[in-house]
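# Tertiary structure, described
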Amino acid sequence: MASQVPMLALAISLCLLATCFAQSPASSPSNAPSTMVTPPTAFAAPPTTPSPPPATVPPPTAIPSPSTPPPVTTPPLATPPPALVPIASSPPPAPLAPAVAPAPLTTVSPAPAPNAASPISSTSPTTPPSPSPSASATPADGGSRAYVHGVSMRLTAFLGGLALLLNKYQTRKNTQARVEEQVSCGRFTTSRCCFSGAGDTRSIPFIFSITRLPRHTQTAPALSMAAATSPSSFLFLRLHPLSSFPSSLRRCRRTISTSRCRAMAPIVASIDNTRKEEIVVVGAGIAGLATALSFHRLGVGSVVLEQGESLRAGGTSLTLFKNGWRVLDSIGVADELRAQFLQIQGLVMRADDGRELRSFVFEEEVPGQEVRAVERRVLLETLASRLPPNTISFSSRLKSIIKEGNHGSLLELEDGGRIRAKIVIGCDGVRSPVAKWMGFSEPKYVGHCAFRGLGIYPGGHPYKAKVNYIYGRGLRAGFVPVSPTKVYWFICFNSTSPGPRISDPAVLKQEALNLVRSWPMELLDVMQNTPDDSVIKTPLVDRWLWPGLTPSASSKGVVVVGDAWHPMTPNLGQGACCALEDSVVLAKKLASAIGGGQDSVDAAMQDYSQERWARIFPLTARSSLVGSLLQWDNPLVCAFRNNIMVPKLVSLGPFLEHTNFECEMLEPVASG
């Protein structure tokens, strides 16, 4: 209906114009007699007396409104009007004096009624002012001027009414919400919506409450809005003109300032997107997956958070001794791995010129010893395959840990997710955020770097299943068959600093070859058969767990395992083996303590920390000491090592005594 108002106003105006000009004389000579119905007037001009041309009527002033049409000027009459004959049946009206020069017309201003029920109210035309009684005019020219003046007043009233209708329509059209201010208020946004009326502008503040949810919840933001006028008055995005608002809202101008909003508690859709988990393992490396699998075998569920999009395929190979295989047996994956990798039969030590210094057979020196080189990627995939579906949560990078007293820990993720866990196990590697949160220092660089790679022989390699060590001055290397088609190799060299990070594997491979260009051909052959993208370089670091100086491995429901707690150099081949030991020991202690409350859990963690420290600290120190001895670059010391220590003093049995570790089999619990 509102859209029909201009057309209705236009139709009315055309009718009024037709009525006015239908009453005016036709275009004819001034002496042509005419009889017509005219508007009421007090004079009839004599037919024989000509009247002077009337004065030009000034145009009416524009209506003060944004939507007022352009002013209309009444053109002057070219000829005097013909004689008019009053209708006998019409009663004579009050006399009107002809105006010689009509006064400026009065501006018609819309004045909306405060209690009007409709936004478009009718306004009666303004009544022309009464003429002064003292004004006089002769009958000769008074009639025509009075007629012109009457027509002008009718046009003025009509145009004023039309302008008022258009103004009201535009006012109704402009009654809409527009955001005047937006002020950031933390997680909320405060806006004030303005409603413009005729000659009046009022502002009503609103509170928009927007709660952003994490990506993984797949829930749209919750939106709520309330008018901050009074606790009982609300507005829900249905806009009306001010005249139709309830009185409680129309009074808002007296109670609400347009320059500020009164604080009111916003209406917020409360959605708790925090997940609750009993055990959360941070990191899907060897330690993390072995820990989760140990819990699974004991009938305890857990969740593994991995920051990558998939399992880490980096790294080449690692050597597992007897203690590592005992753990893999206890969690049920050893046989699957044994079928893929060769068992190493012995050890050969040589000088950089190719001369053999000493050789050992494991079965003769240390009966029952089991040594195999295992691809890291295959080990991770095997461990993950034994876990229940959806145990590993990929793309879940830990942002922070917040302790919540006896209620556990709140884990905040980079993607906005939140997990409340009773037990948090940090298995996130050498640069562990969990260990840093617990107060551990950064691992210390030991002065050595290592190149590693994996040689590929599609038709099979010619090397025996033995570990080959080669010693030089400040430099040592080695290679060991992994499978019938793959051979793992490494080079360890002295460096005062880790040096710049090089991402091009071809450059890394060339640097490694330059270090051992004159060394035995077997080593060079393995390196030449290595794809460029499988060569890596890493600085060697460790952390000595000095008693009383380093934090405990556990603290109020949070514990660290593997490299996150005790990074060590690879000189004894015990980094991965000790991480596997940690996982099974911790799982067994916690599985029996979870049902006893937080105090029982804390006691089990402390027991784990003390038991494992007694084994870890000596191994870390011993591995560092062996590396320092093997990396000597003094010619006299190197001569002593190659001619006396290795050939005559080294005994393999005592050297591998640390690999003696026993653990019970973790029998799988049948799922109910």
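For clarity, every value in this text was computed on a predicted model and none was experimentally measured.

Each value, and the rule that gives it
Residues numbered from 1 in each chain as written. Predicted model: local features only at pLDDT ≥ 70, side-chain atom pairs only at ≥ 80, totals over all residues. Heavy atoms only, no water. Axes fitted to C-alpha atoms, helices over the stretch in contact; angles between N-to-C directions. Helix = DSSP H or I, 4+ residues; strand = E, 2+ residues; numbered from the N terminus. Left-handed = near helix turned anticlockwise from the far one by under 90°. Contact = heavy atoms within 4.5 Å. Buried < 20%, exposed > 50% of the residue type's maximum accessible area, 1.4 Å probe, protein only. Arc of directions from axis to C-beta. Pairing = 2+ DSSP bridges. Right-handed = clockwise from strand over helix to strand, strands pointing away. Salt bridge = Lys/Arg side-chain N within 4 Å of Asp/Glu carboxyl O. pLDDT = per-residue confidence, 0-100. Bend = angle between axes of the 7 residues up to and from the residue. Polar contact = N/O pair within 3.5 Å; in protein donor to acceptor, adjacent residues only side chain to side chain.

As a further point, take the packing of helix α6 (residues 322-330) against helix α13 (residues 575-591). Packing of α6 against α13 leaves a shortest axis separation of 8 Å and a crossing angle of 35°. The element α6 and its partner α13 pack so that their crossing is left-handed. On α13, the residues touching N323, G324, V327, L328 and S330 of α6 are C577, L580, E581 and V584.

A few words now on helix α12 (residues 521-528). Among all positions of α12, only L523, L524, V526 and M527 are buried. Summarising the axial view, the buried residues of α12 lie within an arc of 160°, below the 170-degree limit, and thus occupy one face. Tucked into the core, α12 has its buried residues touching β15 (444-456), β16 (466-471), β17 (475-483), β18 (486-494) and α11 (505-515).

So, about the environment of A313. Note on placement: A313 falls in the loop between β6 (303-305) and β7 (317-320). A C-alpha to C-alpha distance of 7.6 Å links A313 and R376, two positions 63 residues apart in sequence.

Relative to strand β14 (residues 418-426), strand β5 (residues 275-282) runs parallel, the two being bridged by 7 bridges. Each bridged residue has a counterpart across the sheet, and for I279 the counterpart in β14 is I423. The pairing of β5 with β6 spans 3 bridges and is classified as parallel. Each bridged residue has a counterpart across the sheet, and for V280 the counterpart in β6 is V303. With helix α5 (residues 286-297) bridging β5 and the parallel β6, this β-α-β connection has right-handed handedness.

A word on the pattern of salt bridges. Applying the stated rule across the entire model yields 22 salt bridges. Put simply, R377 and E375 hold a salt bridge, and the shortest N to O gap is 3.6 Å. Look at R377 and you get partly exposed, because its relative accessible area is 35%. With relative accessibility at 9%, the residue E375 sits in the buried group. Put simply, R326, D329, D335, R338, E370 and R372 are held in one network by salt bridges that share partners.

What follows is about the confidence of the model for the chain. Keep in mind that low pLDDT regions are not for reading the predicted coordinates in detail. Per-residue confidence for the chain averages 74 on the pLDDT scale, and 59% of its residues sit at or above 70. Note on residues 1-5: pLDDT is under 50 here. Beyond four places in sequence and across chains, it has 5 contacts. Of the regions scoring below 50 in pLDDT, residues 21-140 engages in 120 contacts with residues more than four places distant in sequence or in other chains.

Another aspect to go through is the pairing of β14. Of the pairings in the sheet, the one linking strand β13 (residues 409-413) to β14 comprises 4 bridges and is antiparallel in character. Looking across to β14, one finds that L411 is bridged to I419. Linkage of β13 to β14, two consecutive antiparallel strands, is achieved through a turn of 4 residues, within which G416 is found at a positive phi near 95°.

For helix α15 (residues 635-649), the principal kink sits at R641 and spans about 40°. Those residues of α15 not exposed but buried are C638, R641, N642 and V646. Where α15 is buried, its residues contact β8 (346-351), β9 (356-361), β16 and α14 (598-630). Put simply, N634 is the residue that caps the front of α15, since its side-chain oxygen is 2.9 Å from the backbone nitrogen of L636.

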